[in-house]
Amino acid sequence: MPANHPATVLIQQVAEDLISKNGLGHVVTRAPTSKTRTDQKPDEWLVYVVNEDIPNAFVMPGRKIVFFSGMFKHVADANQIAGILAHEVAHQLVGHAFEKVSLSRLIVVADLVIRAVLGADTGLAGLALQALIALPNSRTQELEADLVGLRLMSKACFEPEAVVTFWRSFDKNQKQQIPQFISTHPGHRQRADAIEGWLPSVRSEYPCATLTDSLTGFTQFAESTDIRKPSIPPQQRPPSPSPSFPSSPRSSRPTSPIPPPSPSDGAEWGHQDPWATGNGSGSGNGDAFSNSGHDTARETDWGTQDPWATKNDRDRGNRRSSW
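Keep in mind that this is a model prediction, so the values were computed, not measured. (Residues numbered from 1 in each chain as written. Predicted model: local features only at pLDDT ≥ 70, side-chain atom pairs only at ≥ 80, totals over all residues. Heavy atoms only, no water.)

K.L.:
Outline the state of the cysteines, listing residues and values.
P.N.:
A covalent bond bridging the sulfur atoms of two cysteines is what the word disulfide describes. Taken as a whole and assessed by the stated rule, the structure comprises one disulfide. Disulfide partner of Cys157: Cys208, at an S-S distance of 1.8 Å. Where Cys157 bonds to Cys208 through sulfur, the torsion about that S-S bond is close to 80°, and the disulfide is right-handed. Taken together, the residues Cys157 in the loop between helix 5 (124–155) and helix 6 (161–173) and Cys208 in the loop between helix 7 (188–205) and helix 8 (209–224) connect sequence positions 51 residues apart. (Disulfide = S-S within 2.5 Å. Helix = DSSP H or I, 4+ residues; strand = E, 2+ residues; numbered from the N terminus.)

K.L.:
Could you give me a rundown of the confidence of the model for the protein, with the residues and numbers involved?
P.N.:
The pLDDT averaged across the protein works out to 75; a share of 62% of its residues lies at or above 70. Per-residue pLDDT stays below 50 along residues 247–252; that stretch engages in zero contacts with residues further than four places along the chain or on separate chains. (pLDDT = per-residue confidence, 0-100. Contact = heavy atoms within 4.5 Å.)

K.L.:
So what's going on with the packing of aromatic side chains? Which residues, and what values?
P.N.:
Taken as a whole and assessed by the stated rule, the structure comprises five aromatic pairs. Aromatic side chains Phe166 and Trp167 sit 5.0 Å apart centroid to centroid with 70° between the ring planes, which places their arrangement in the edge-to-face category. For the pair Phe166 and Trp167, one class covers both residues: buried. (Phe/Tyr/Trp six-rings, centres within 6.5 Å; stacked < 30°, edge-to-face > 60°. Buried < 20%, exposed > 50% of the residue type's maximum accessible area, 1.4 Å probe, protein only.)

K.L.:
Residue-level account of the pattern of salt bridges, with values.
P.N.:
One pass over the structure, following the stated rule, counts nine salt bridges. A salt bridge links Asp146 to Arg191, with the shortest nitrogen-to-oxygen separation between them at 3.0 Å. Taken together, the residues span a long stretch of sequence, with Asp146 in helix 5 and Arg191 in helix 7 at a distance of 45 residues. Like Asp146, the residue Arg191 is buried in the burial classification. Between Arg203 and Glu159 there is a salt bridge whose closest N-O contact spans 2.6 Å. With Arg203 in helix 7 and Glu159 in the loop between helix 5 and helix 6, this residue pair connects regions lying 44 residues apart in the sequence. Relative accessible area serves as the criterion here: at 35%, Arg203 is assigned to the partly exposed category. Overall, Glu159 belongs to the partly exposed group, its relative accessible area being 31%. A single salt-bridge network, built from bridges that share partners, covers Glu142, Asp146 and Arg191. (Salt bridge = Lys/Arg side-chain N within 4 Å of Asp/Glu carboxyl O.)

K.L.:
Run through the packing of helix 1 (residues 6–20) against helix 3 (residues 78–94), naming residues and quoting values.
P.N.:
Helix packing for two helices is described by the angle between their axes and how far apart those axes are. Look at helix 1 against helix 3: their axes get within 9 Å of each other, and the N-to-C directions meet at 65°. Helix 1 and helix 3 meet at a crossing whose hand is right-handed. Of the residues in helix 3, those touching helix 1 at Leu10, Ile11, Val14, Ala15, Leu18 and Ile19 are Ala78, Ile81, Ala82, Leu85, Ala86 and Val89. Tallied by class, residues from the contact of helix 1 with helix 3 come to twelve nonpolar, no polar and no charged. (Axes fitted to C-alpha atoms, helices over the stretch in contact; angles between N-to-C directions. Left-handed = near helix turned anticlockwise from the far one by under 90°. Nonpolar A, V, L, I, M, F, W, Y, C, P; charged D, E, K, R; others polar.)

K.L.:
Describe the packing of helix 5 against helix 7, with residues and values.
P.N.:
Contact geometry of helix 5 with helix 7 gives a least axis separation of 10 Å together with a crossing angle of 40°. In terms of orientation, helix 5 and helix 7 fall into the oblique class. Seen along the crossing, helix 5 lies across helix 7 with a hand that is right-handed. Packed against helix 5, whose contacting residues are Glu142, Leu143, Asp146, Leu147, Leu150, Arg151 and Ser154, the element helix 7 presents Gln190, Arg191, Ala194, Ile195, Trp198, Val202 and Arg203 at the interface. Considering only residue class, the contact of helix 5 with helix 7 consists of seven nonpolar, two polar and five charged. (Parallel < 35°, antiparallel > 145°, perpendicular 65-115°, else oblique.)

K.L.:
Account for the layout of surface pockets, with residues named and values stated.
P.N.:
Here the largest pocket defines a volume of roughly 970 Å³. Asn56, Ala57, Glu142, His185 and Arg191 are, among the 45 residues lining the largest pocket, the residues nearest its centre. Broken down by secondary-structure element, the contributors of at least two residues to the lining of the largest pocket are strand 3 (57–60), helix 3, helix 4 (96–118), helix 5, helix 6 and helix 7. Per-element accounting of the lining of the largest pocket gives the leading share, seven residues, to helix 3. Across the lining of the largest pocket, the residue classes break down as 21 nonpolar, 19 polar and five charged. (1 Å grid on protein atoms, 1.4 Å probe; cavity = no way out; pocket = protein on both sides within 12 Å on 5 of 7 lines; lining within 4 Å. Points joined across faces, edges and corners; volume = space filled by probe spheres on them.)

K.L.:
So what about helix 5? Which residues, and what values?
P.N.:
Owing to its 3.6 residues per turn, the α-helix aligns residues three or four sequence positions apart on the same side. Between its terminal C-alpha atoms helix 5 stretches 46 Å, which fits the 46 Å expected from 32 residues at 1.5 Å a residue. Cys157 sits one or two positions beyond helix 5 and adopts a positive phi of about 70°. (Expected span 1.5 Å × (residues − 1).)

What follows is the structure, encoded as structure tokens:
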């Protein structure tokens, strides 16, 4: 599809986010020509969308990803597209293409040896080697790419759980599937179950890069800032207004009708305080309730000395009556 086609723009944008946020380079727009290989730089990825109704995608050696338009029928959002692209990027990073080439050579050599030993070419040796070595290894590589792809997704701030949803939906839509033991890929349900089991560890070990950067910046700011140090010097701070409290009506008392005795009268507060203790001497330690029966001049009555007493109370006090 053309580079300005909406489908191509979408796939390349998702691929750019996935690749750049993992520090793997960036996506470039370049037409596939004979000079593509020589012009491509080590940090450049080429992503193409092919207008074919095939539900598939693959990666070629040299960081070239091909996405078939038939996959749009099975993806629901950008997270699921990122899951497909991350799987292909993982194949490139791990080097599965080179592993397959090496394994293929090994299988060819083993097949030749078996033919020489048996002295006949039945074709069974090649099939046995494929079923026992090549296909299991291919399925292992696919699961490995699924795991690495989840890590790339999580670090690029895509939702890895979307891949589980994709494979479960893909499994329902694909009614006819070849048996797994003769397939190069694991079953859709098996992949969904495996990915679902990896999700907790992937999220904890490979957090979103944007969130990690934000937390790192906050930590650096917190470490460089002393929260105990005031941000405004004390001399520049505005004075705090003194708190004012409304006067309570219970705080005011009426003026006593009897003025306190003056020192010239020889009276002290101890003589007047009905709660004072002592021996009744003029030192101020007299007890109004201590009556020895001898010093009547120093005996005091509550009604007489109480500043809040009424006139009748003081008259009764003169008659030595207690209030």
